Every structure is written in structure tokens, then in C-alpha cells.
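Chain and residue survey
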Amino acid sequence: MNSRALFRRKALGVVAVAVMPLAAVAFTQPASAAPAHGYYVAITGVRLDPGRTYTIEQLRHLQQQAAPMVMHRVPTSVGPGVDKGVTPYSVASGFVLYNPGYRRDAYTYDSNWGPDTEEYCNGSCTQVSYYQTQLHEVVYGGSSKTWVLKISVQHISGDYAADFSWWYACAVNVSGPDHYCKNGADPSQTSEPMGSSGTTLYEHFENNAYNNTEFPMVAATVDWGSVAGVNRNRGWDACTGPSTVLCTTSGTGA
């Protein structure tokens, strides 16, 4: 095993789960086509009132009107890293600099906490479980081509989820369509299970001597068994080259 493989930390000890896009979970059917019996939906990126009941139409409206950024608008996605009708080097859609978070300093970025809620619907919908996730991004600086990506998961209330998983990619921010990292970067579009409190990834971006702008893409899945919700975080742009720092401004993914 090479030193790079030894350096990468992987999640431990949880059965793998399918990473499902929210569009395929919550709102694939119009409200009039809702099942006759009770069913579950996952709502991500929108904070709901746990003591209130909602109709499917209200939940759809809340997600459509959510601002400034939400992590669910993925109309063409068939998975976190697979989009229909795009070139091989286009990147997955729906990843945003969530709400938009905080560039703490030249090396550290934190997203806002993103809600991930399970609702039970039978005529009206009520919250049965509430989680939230966050992305913490650190670049080492200098000549290092590594960023540290901590995915935090918190259970706030209600039922406990059955499984958790992550998905990762590195992308290059260019004037045309963004593309996944190459040139010595660790593989993109990788996924593994993680523990119920999250995990930490150590990943290499492109090993270039010239200046470049790159960013991580991280999806965190909470799977309750009956339904799964995916928060899609875009990290802050890193200005790479002879010396690496977080850029003073960043693309948003919106």
C-alpha cells in the first residue's frame, strides 16, 4: 500500500447504504398521486417546525421557496455523482456552499448546519426524526495538496436513523463547465459508510505547480430504512499552486 493510501482515512464498521437523491425520494409524484396509506418522505436543507403538520403541497412549496441556498434542487440527477445528459467531465449538480457558511481564515471553512428531516405522511405530514449535518474544510497550506474534510452528523430529535454514508469528489472551478480533478488527485465520486456522528476524510487535490481553483464536493446521507435524505455540500474554493490557501471569495454552486 502506498503512502497516499495509508494517509486516507475511511469510515468504519457500518453496512453500506445506497445514496439516494432527494428528488427521487420525496417529490417524484404529484400530491394527487400520493399513496392511499401512510408513507415517509425526507426533507433536506429546510428547517421545519417539529410541532406542526404539513401537507405535501406545503412541503414542496417550502423547498421551492427556500433561501438563500438549499441542497435539493437536482432535477436531472440519478445519484450524487451521476447526472444525465452531461459531458464526462461535468460535475454532479445540487452541491452548494450551504447558506453560505463561514470562511474562518485562509485555511478553514465551515458550512452552516443543514437540516435532514424524516416526515411521516398520511393525509398530513408530521416530523418523526430530525438530523443535521455540517462540512468542516481545512487546507494545510504551503506546498501541501491535501484538504481535511470533517463531516459532522447530529441527531436532534425523534427516531434514530439506521445507516449513514458519505460521497466525495474534487472539482476544478473554471470559466466553462467545471470538471473533476485529475493530475495526481485522489479519485472522485467515491463513497463509503460512516458512523452516526460522521467521519473525517483526508484527500489530495491536483498536484500542479501552476495556479488553479479547486473545491471539494461532499454528500452526507442519513438513511432511516424507509427513506433517505442527502445533504450536498460544496466546499470553499482553494487557490492552489506553489502555495495553497482558501481563496478570498468562492463559487457557490447555486
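This structure is a prediction, so every number in the text was calculated from the model and none was measured. The numbers attached to residues start from 1 for each chain and follow its sequence in the written order. Two thresholds apply to this predicted model, a pLDDT of at least 70 for residue-level local features and 80 or more for giving and counting side-chain atom pairs, whereas whole-chain, interface and lining totals are computed over all residues. The basis for every side-chain value is the complete set of non-hydrogen atoms in the structure, without hydrogens or water.

1. Overview of the pairing of strand S7 (residues 163–172)
In plain terms, the rule: For every residue, the accessible area (1.4 Å probe, protein chains only) is compared with the maximum for its type, and the residue is labelled buried under 20%, exposed over 50%, or partly exposed between those bounds. Helix and strand definitions follow DSSP, with helices as H or I runs of at least four residues and strands as E runs of at least two, each counted in order from the N terminus. Strands pair, by our definition, only if DSSP identifies at least two bridges between them.
The buried fraction of S7 amounts to ten of the ten residues, a majority that puts the element mostly inside the structure. Burial along S7 is two-sided: Asp163, Ser165, Trp167, Ala169 and Ala171 and Phe164, Trp166, Tyr168, Cys170 and Val172, pointing in opposite directions, are all buried. One ladder, built from four bridges, connects S7 with strand S9 (residues 190–193); its direction is antiparallel. For Trp167, the partnering residue across the bridge sits in S9 and is Ser191. Summarising the sheet, S7 and strand S8 (residues 179–180) pair through two bridges and their orientation is antiparallel. Bridging from a neighbouring strand, Val172 pairs with His179 of S8. Taking the residues that link successive antiparallel strands as the turn, the S7-S8 hairpin has six residues.

2. Comments concerning the state of the cysteines
Convention followed: Pairs of cysteine sulfur atoms within 2.5 Å are what we label disulfides.
With the rule as written, the count across this model stands at three disulfides. What pairs with Cys121 in a disulfide is Cys125, and their sulfur atoms sit 2.0 Å apart. Its S-S torsion of about 110 degrees marks the bond between Cys121 and Cys125 as right-handed, since a negative value means left-handed. Two residues share a disulfide in this structure: Cys239 and Cys247, whose sulfurs sit 2.0 Å from each other.

3. Observations regarding the nonpolar core
To keep things clear, this is the line we draw: We define a nonpolar core as any set of buried Ala, Val, Leu, Ile, Met, Phe, Trp, Tyr and Cys residues linked to one another through side-chain atoms lying within 4.5 Å.
Core analysis: the biggest nonpolar cluster contains 30 residues, and Trp147 and Tyr168 have the highest contact counts within it. For this core, the secondary structure elements donating two or more residues are strand S5 (124–139), strand S6 (146–158), S7 and strand S11 (212–223). Counting residues per element, this core draws most heavily on S7, at five residues. Core analysis: the second largest hydrophobic core is formed by eleven residues, Phe95, Ala169, Phe215 and Met217 among them.

4. A few points about the packing of aromatic side chains
Keep this limit in mind: By convention, a stacked pair of Phe, Tyr or Trp rings (six-membered ring in the case of Trp) has centres within 6.5 Å and planes under 30 degrees apart, an edge-to-face pair has planes over 60 apart, and any other such pair is tilted. Whether a charge sits over a ring comes down to the Lys NZ or Arg CZ being within 6 Å of the ring centre and within 35 degrees of the ring normal.
Throughout the structure, instances matching the rule amount to six aromatic pairs. Ring centres of Tyr109 and Trp236 lie 5.6 Å apart, and the angle between their planes is 40 degrees; on these two criteria the pair is classed as tilted. Here Trp236 lies in the loop between strand S12 (228–234) and strand S13 (238–240) and Tyr109 lies in strand S3 (residues 108–110), a separation of 127 residues in the sequence. Look at Trp147 and Phe205: their rings are 4.7 Å apart centre to centre, the planes differ by 50 degrees, and that puts the pair in the tilted class. You can see Trp147 sitting in strand S6 and its partner Phe205 sitting in the loop between strand S10 (198–204) and S11, a full 58 residues away along the chain. Each of the two residues, Trp147 as well as Phe205, counts as buried. An aromatic cluster of three or more residues is present, and its members are Tyr131, Phe164 and Trp224. Seen from the ring of Phe215, Arg234 lies directly overhead, with NZ or CZ sitting 3.7 Å from the centre.

5. Notes on the pairing of S11
In terms of burial, S11 is a largely internal element, eleven of the twelve residues being buried. Where S7 lies against S11, ten bridges are found, and the strand directions are antiparallel. Its bridge partner being in S11, Cys170 is matched across the sheet by Pro216. Here S11 pairs with S13 via three bridges, running antiparallel. Its bridge partner lying in S13, Asn212 is registered against Thr240. Strand direction decides the pairing type here: S11 and S12, joined by seven bridges, are antiparallel. Directly across from Asp223, in S12, lies its bridge partner Ala228. A loop of four residues connects S11 with S12, the two strands running antiparallel in sequence, and Gly225 in this loop sits at a positive phi of about 95 degrees.

6. What about the confidence of the model for the chain?
Selection rule: Scored between 0 and 100, pLDDT is the confidence that the predictor attaches to each residue. Note on contacts: a residue pair qualifies if any of its non-hydrogen atoms lie within 4.5 Å across the two residues.
Taken over all residues, the pLDDT of the chain has a mean of 79, while the share at 70 or more is 76%. pLDDT under 50 marks residues 1–34. Its contacts with residues more than four places away, or in other chains, come to 78 contacts. Low confidence marks residues 72–89, where pLDDT is under 50. Its contacts with residues over four positions away, or in another chain, come to 41 contacts.

7. Quick word on the pattern of salt bridges
Side-chain pairs of opposite charge can arise whenever the charged atoms involved come near each other. Rules: Whenever Lys or Arg places a side-chain nitrogen within 4 Å of a carboxyl oxygen from Asp or Glu, that contact is recorded as a salt bridge.
This model, assessed by the stated rule, comprises two salt bridges. Residues Arg104 and Asp110 are paired through a salt bridge, measuring 2.9 Å at the closest nitrogen-oxygen approach. A salt bridge links Asp237 to Arg234; the shortest N-O distance between them is 2.9 Å. Look at Asp237 and you get buried, because its relative accessible area is 3%. Given a relative accessible area of 3%, Arg234 falls into the buried group.

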